[in-house]
Amino acid sequence: MGPYASLGGSGTLGALAHMQLAGVVFLGVGLWAWSEKGVLSDLTKVTRLHGIDPVVLVLMVGVVMFTLGFAGCVGALRENICLLKFFCGTIVLIFFLELAVAVLAFLFQDWVRDRFREFFESNIRSYRDDIDLQNLIDSLQKANQCCGAYGPEDWDLNVYFNCSGASYSREKCGVPFSCCVPDPAQKVVNTQCGYDVRTQLKSKWDESIFTKGCIQALEGWLPRNIYIVAGVFIAISLLQIFGIFLAKTLISDIEAVKAGHHF
């Protein structure tokens, strides 16, 4: 390991190793989920899904974390300044991308709202095509007590829930169970609670299902939890800044040792 051992960089190396391990865990979970769905034996299943496969996000996070952790660990162990600069530069890039996204989202709220609507509607269409996507939408609707992008009628976009006369689905003119107002007396979830709900008068919908759209719910959630959101963003930013600081310090120390300077 050379002069690095005397630079007090064991903490840096440990943090990088943990990042790499976390990346391996994310990759393992993602690949396992894909194997369970048979995607690894038929990769075209990814392109057939019109919505987003949540597993793809897990894999992307895993790849980024593993790559950064690997570059940082090897760079620290081998005293490779190029790898350390790659690690540092990538963290800086991610930091500024996050900052830019946050600023743009604040300045162009209408555009963000439209993109989110398109994203949500696309996933509604693919609700029954992927179990992970289905679970994601159900979790979102239950947690925010909402239904559809702007309301329950958005479920007409899905071929199974569509009220069209050409549909023979048992779920026709219904909504997923995650749209249902929970009954405290029921200990077992009734997955058929949303059947035929939209055949009733609209004035009666709110007795059995959530009528607020998820976009409205999320817009209302953000102001109520602004301090939590800000705290999470600040915590992530501080961790990234700390990582940049450690990498910069390590690069300077290695350069100083190679130049023959003494501490």
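Residues numbered from 1 in each chain as written. Predicted model: local features only at pLDDT ≥ 70, side-chain atom pairs only at ≥ 80, totals over all residues. Heavy atoms only, no water.

Draft legend 1. Up close: the packing of aromatic side chains. Under the definition given, this model contains seven aromatic pairs. Between phenylalanine 95 and phenylalanine 96, the ring centres sit 5.5 Å apart and the planes meet at 75°, which makes this aromatic pair edge-to-face. Considering the side-chain rings of phenylalanine 116 and phenylalanine 120, the 6.0 Å spacing of their centres and the 40° angle between planes classify their relative orientation as tilted. In this pair, phenylalanine 116 and phenylalanine 120 both sit in helix α5 (residues 109-125), four residues apart, roughly one turn of the helix. An aromatic cluster is present here, built from Phe116, Phe119 and Phe120 joined pairwise through their rings. (Phe/Tyr/Trp six-rings, centres within 6.5 Å; stacked < 30°, edge-to-face > 60°. Helix = DSSP H or I, 4+ residues; strand = E, 2+ residues; numbered from the N terminus.)

Draft legend 2. Quick peek at unusual backbone geometry. Although it is not a glycine, glutamine 145 adopts a positive phi angle of roughly 50°. As for its position among the elements, glutamine 145 is in the loop between α6 (131-144) and α7 (214-224). A relative accessible area of 48% means that glutamine 145 is categorised as partly exposed. With phi around 60°, cysteine 173 is a residue other than glycine that occupies positive phi space. Within the fold, cysteine 173 resides in the loop between α6 and α7. A residue is classified by how much of its surface remains accessible, and cysteine 173, at 10% relative accessible area, is buried. (Buried < 20%, exposed > 50% of the residue type's maximum accessible area, 1.4 Å probe, protein only.)

Draft legend 3. Structural view of the UniProt feature "transmembrane region" (unreviewed entry) in the chain. Mapped onto this numbering, the UniProt entry gives "transmembrane region" (unreviewed entry) at residues 12-34, 55-77, 83-108 and 226-247. In the segment residues 55-77, helix accounts for 100% and strand for 0%; the C-alpha atoms at its two ends are 32 Å apart. Secondary structure content for residues 83-108 is 96% helix and 0% strand, while the C-alpha to C-alpha distance between its ends is 37 Å. (UniProt positions renumbered as here; feature names shortened; annotations may be inferred.)

Draft legend 4. Seen up close, the nonpolar core. With 20 residues, the main nonpolar core has Phe120, Ile137, Cys147, Trp155, Val175 and Ile209 as its most contacted residues. With three residues, the top contributor of residues to this core is α7. With residues near it in sequence (within four places) discarded, cysteine 147 still touches Gln141, Pro152, Trp155, Val175, Cys179, Phe210, Lys212, Gly213 and Cys214. Judged by nonpolar contacts, the second largest core, of eight residues, contains Cys73, Phe87, Ile244 and Ala247. (Core = buried A, V, L, I, M, F, W, Y, C linked by side-chain atoms within 4.5 Å. Contact = heavy atoms within 4.5 Å.)

Draft legend 5. Highlighting helix α8 (residues 226-258). An ideal rise of 1.5 Å per residue puts 48 Å on 33 residues; α8 measures up with 48 Å between its terminal C-alpha atoms. Taken together, the buried positions of α8 are Ser237, Gln240, Gly243, Ile244, Ala247, Leu250, Ile251, Asp253, Ile254 and Ala256. Of the residues one or two after α8, glycine 260 is the one with positive phi, at around 85°. (Expected span 1.5 Å × (residues − 1).)

Draft legend 6. Examining the environment of valine 24 more closely. If you trace the backbone, valine 24 turns up in helix α1 (residues 10-36). For valine 24, a relative accessible area of 41% corresponds to the partly exposed category. Residues valine 24 and methionine 65 lie 41 residues apart in sequence; the distance between their C-alpha atoms is 8.2 Å.

Draft legend 7. Up close: the pattern of salt bridges. Overall, the coordinates contain eight salt bridges when judged by the stated rule. In this structure, arginine 117 engages glutamate 121 in a salt bridge whose closest nitrogen and oxygen atoms are separated by 3.4 Å. In this pair, arginine 117 and glutamate 121 are both assigned in helix α5, four residues apart and thus about one turn of the helix distant. Relative accessible area serves as the criterion here: at 24%, arginine 117 is assigned to the partly exposed category. One salt bridge connects arginine 170 with aspartate 196, and the closest N-O pair in it is separated by 3.2 Å. Here the residue arginine 170 occupies a position in the loop between α6 and α7, and aspartate 196 occupies one in the loop between α6 and α7, the gap between them amounting to 26 residues. For aspartate 196, a relative accessible area of 31% puts it in the partly exposed group. Overlapping salt bridges, with partners in common, bring together Asp110, Arg113 and Glu219 in one network. (Salt bridge = Lys/Arg side-chain N within 4 Å of Asp/Glu carboxyl O.)

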